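Spelled out from the first residue to the last, the chains are:
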Amino acid sequence: MAWNEPGKNGQNDPWNRKRQSGKSPLDDLLNTVKSRLGKLGQGPGSILIGVLVLLAVGLLLSCYTIIGARQTGVVLRFGEYSRTLAPGFHLKLPQPIESVTKVEATRIRSVTDKVAMLTKDENIITIDFTVQYQVDDSRRYLFSLNDPDGTIGAAAEAAVRSVIGGSDMDQILSAAGASLVSEAQTTLQKTLDGYDSGLRVTEVSFQNVAPPNEVKDAFDDVNNAREDKQSIENGALAYASKVVPVARGDAARIAAEAAGYKAERIARAQGDTARFNLLLTQYKAAPEVTRKRLWLETMEKVMADNPKVIDGSDGRAIINLPGQPGGATAPETGTVTAGTVMPAPASTATDKGTQP
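Since the model is a prediction, treat every value here as computed from it, not as a measurement. Every chain's residues receive numbers from 1 upward, in the order its sequence appears when written. The model is predicted, so local features are restricted to residues of pLDDT at least 70 and side-chain atom pairs to those at 80 or more, both for listing and for counting; the totals for chains, interfaces and linings are taken over all residues. Hydrogens and water molecules were not included; the side-chain quantities draw on all heavy atoms of the structure.

Strand pairing requires that DSSP identify at least two bridges connecting the strands. Counting from the N terminus, the helices are DSSP H or I runs at least four residues long and the strands are E runs at least two residues long. Spatially, β6-β7-β8 is the arrangement adopted by the three strands of the open sheet, whose pairing is antiparallel. The open sheet terminates on both sides in strands that have one partner only, identified here as β6 (109–118) and β8 (199–210). Taken over all neighbouring pairs, the strand axes of this sheet differ in orientation by 20° on average, direction set aside. Across the face of the sheet, helix α4 (residues 148–165) comes into contact with β6, β7 (124–135) and β8 while running at roughly 40° to β6. Against the sheet, helix α6 (residues 178–194) engages β7 and β8, with an angle of about 140° to β8. Throughout, an axis means a line fitted to C-alpha atoms (over the contacting stretch in the case of helices), and angles, computed between N-to-C directions, take values from 0 to 180 degrees. The contact definition used throughout considers only heavy atoms, calling two residues in contact when any of these lie within 4.5 Å.

To count toward a patch, a residue needs a relative accessible area over 30% and no salt bridge; like charges are then connected within 9 Å, while nonpolar side chains (Val, Leu, Ile, Met, Phe, Trp, Tyr) are connected within 5 Å. All accessible-area figures derive from a Shrake-Rupley calculation using a 1.4 Å probe, and residue coverage is judged against the displayed protein chains alone. By convention in these notes, a salt bridge is any Lys or Arg side-chain nitrogen within 4 Å of a carboxyl oxygen on Asp or Glu. A contiguous nonpolar patch, built from Val57, Leu61, Tyr64, Ile66, Phe89 and Leu91 and spanning about 620 Å² of accessible area, is present on the exposed surface. Contributing elements (two or more residues each) for the nonpolar patch: α2 (45–61), β1 (64–67) and β4 (88–91). By secondary structure assignment, the location of leucine 61 is in helix α2. The class for leucine 61 is exposed, based on a relative accessible area of 54%. Type-normalised accessible area, obtained with a 1.4 Å probe on protein chains alone, sets the label of each residue: buried when under 20%, exposed when over 50%, and partly exposed for intermediate values.

Right, let's talk about the side chain of lysine 92 for a bit. Structurally, lysine 92 is set in the loop between β4 and β5 (98–104). Under the counting rule used here, the positive set is Lys and Arg, the negative set is Asp and Glu, and His together with the chain ends is not counted. Comment: no salt bridge for buried lysine 92; closest opposite-charge side chain is glutamate 98, at 5.9 Å. Each polar contact in these results corresponds to two N or O atoms within 3.5 Å; when the atoms are within protein, one needs to be able to donate a hydrogen and the other to accept it, and residues that are neighboring in sequence are counted only if both atoms are side-chain atoms. At a separation of 3.3 Å, a polar atom in the side chain of lysine 92 contacts the main-chain carbonyl oxygen of glutamate 98. Discounting chain neighbours no more than four positions away, the residues touching lysine 92 are Ser62, Cys63, Tyr64, Thr65, Arg83, Glu98 and Val100.

Moving on: the pairing of β7. In terms of residue burial, β7 counts as a mostly covered element, since 10 of its 12 residues are buried. The sheet contact formed by β6 and β7 spans 10 bridges and is antiparallel. Bridge assignment links threonine 112 to a residue of β7, and that residue is threonine 130. Counting the residues that bridge the hairpin from β6 to β7 gives five residues, and of these glutamate 122 lies at a positive phi of roughly 65°. Taken together, the 10 bridges between β7 and β8 define a ladder with antiparallel strand orientation. Paired with valine 135 across the two strands is leucine 199, which belongs to β8.

Our next topic: the confidence of the model for the protein. A residue's pLDDT is the confidence the predictor assigns to it, expressed on a 0 to 100 scale. Scored by pLDDT, the protein comes out at a mean of 76, with 73% of its residues at no less than 70. Taken element by element, the predicted model of the protein shows its lowest mean pLDDT in helix α1 (residues 25–37) (64) and its highest in helix α7 (residues 216–285) (90). Between residues 329–356, whose pLDDT stays under 50, and residues either more than four places distant or in other chains, the model counts 45 contacts.

Looking now at the side chain of serine 197. Following the sequence through the fold, serine 197 ends up in the loop between α6 and β8. Relative accessible area serves as the criterion here: at 1%, serine 197 is assigned to the buried category. One polar contact links the side chain of serine 197 to the main-chain carbonyl oxygen of leucine 192, over a distance of 3.1 Å. Leaving out residues up to four positions away in the same chain, serine 197 has contacts with Arg140, Tyr141, Ser144, Leu145 and Leu192.

Turning to the sheet that holds strand β2 (residues 71–77), a few remarks are in order. Across the sheet, which stays open at both edges, the three strands sit in the order β3-β2-β5 with antiparallel pairing between neighbours. The sheet terminates laterally at β3 (80–85) and β5, the two strands that pair on one side only. Pairs of neighbouring strands in the sheet enclose a mean axial angle of 25°, with direction left out of account. Two elements, β2 and β5, share seven bridges in a ladder whose sense is antiparallel. Its bridge partner being in β5, arginine 77 is matched across the sheet by glutamate 98.

So, about the packing of α7 against helix α8 (residues 287–302). It is the contact of α7 with α8, at a shortest axis distance of 5 Å, that shows an interaxial angle of 130°. It follows that α7 is oblique to α8 by the angle criterion. Facing Leu279, Gln282, Tyr283, Lys284 and Ala285 of α7, the residues of α8 in contact are Pro287, Thr290, Arg291, Arg293 and Leu294. Each residue receives one of three labels: charged for Asp, Glu, Lys and Arg, nonpolar for Ala, Val, Leu, Ile, Met, Phe, Trp, Tyr, Cys and Pro, and polar for the others, Gly being one of them. Grouping the amino acids of the contact of α7 with α8 by side-chain chemistry returns five nonpolar, two polar and three charged. The cut-offs work like this: below 35 degrees is roughly parallel, past 145 is roughly antiparallel, 65 to 115 is roughly perpendicular, and the gaps in between are oblique.

With that settled, the discussion passes to the nonpolar core. For this analysis, a nonpolar core means a set of buried residues of the types Ala, Val, Leu, Ile, Met, Phe, Trp, Tyr and Cys, connected via side-chain atoms within 4.5 Å. Counting 33 residues, the largest nonpolar core has Ile164, Leu188 and Phe206 as the members making the most contacts within it. Mapped onto this core, the elements with two or more residues apiece are β2, β6, β7, α4, α5 (169–173), α6 and β8. Every residue in contact with leucine 188, bar those within four places of it in the chain, is listed here: Val131, Ile152, Ala155, Ala156, Ala159, Val201 and Val204.

This next bit is on unusual backbone geometry. Phi at phenylalanine 78 takes a positive value of approximately 55°, unusual for a residue other than glycine. Tracing the backbone shows phenylalanine 78 in the loop between β2 and β3.

Overall, the coordinates contain 10 salt bridges when judged by the stated rule. Note that glutamate 98 and arginine 83 form a salt bridge whose closest N and O atoms lie 3.2 Å from each other. Residue glutamate 98 is found in strand β5, and its partner arginine 83 is found in strand β3; the two are separated by 15 residues along the sequence. Its salt-bridge partner being arginine 291, residue glutamate 288 comes within 2.9 Å of it at the nearest N-O pair. Note that glutamate 288 and arginine 291 are positioned in helix α8 at a spacing of three residues, about one turn of the helix.

Printed below as a string of structure tokens:
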């Protein structure tokens, strides 16, 4: 029969372009294998061939693996660590030669616990803490710890107890307690590194730090008193910051005024000294003239605001009196209406008087 000779239902077509209904491509493959193997494809031998084909397909499908973007793959060869696979498509030996264990490397895991602890000053305090961590080394994570979550929970409690046990109650409840969190995280990470756990602690937090319920009221009173103290101190600091600058300004102003007064007095004293020295030189040169001039200047200063006229000429001089205050007319020339006549020094009896 020719290869293109039509047969029943087109079964003679070598490409089998028209497949009988209800048959899969695997059935076609098995039929082809049977036809090629002849007698081995008939009878009980066909079951063996099918099993071999399935095993071959399974081996082919197990020769590759796909690692997710947030995963790492740990490859075991006959149960022994071989290598670590990064995210992506990878080829490997078929099972059971090599197997791949996928680990969520970037997933943040957490452990939360609530424990009562004893402080350094022998007080009991209750702490709710949470530890967040992630896998840093997939190989160590799989083979170093049997129960990673349980191990990190116990290590976290030990680290927190170590930190709290070395601190006083007031330090824990005050703002300084924030530094204890970082200290606890450092201690926990050192412990996990000592276990070769392959875990990295990302955060440690204390959600609730409070004394036991039996003494809660007393501790609340202490905290209220501490807050009142802080409020009073803040008020005092605010008042000091307001008053001290004003006082310093007043002190600076007074000091500046004192310095100016000092400079003024010194300058005036130096000027008086220089004037006296000049006057002394003039007096030594002409004593009588200097004495008379000094007397006249002194009387001019003394009688400047006094409505009196001093005639030292024994009436030999004509004195013109100024007008009276309030528009009153001056008295006649040559007469004195008010005032006291004071004799001039003997050396100046012939000089005319001075009108201020």
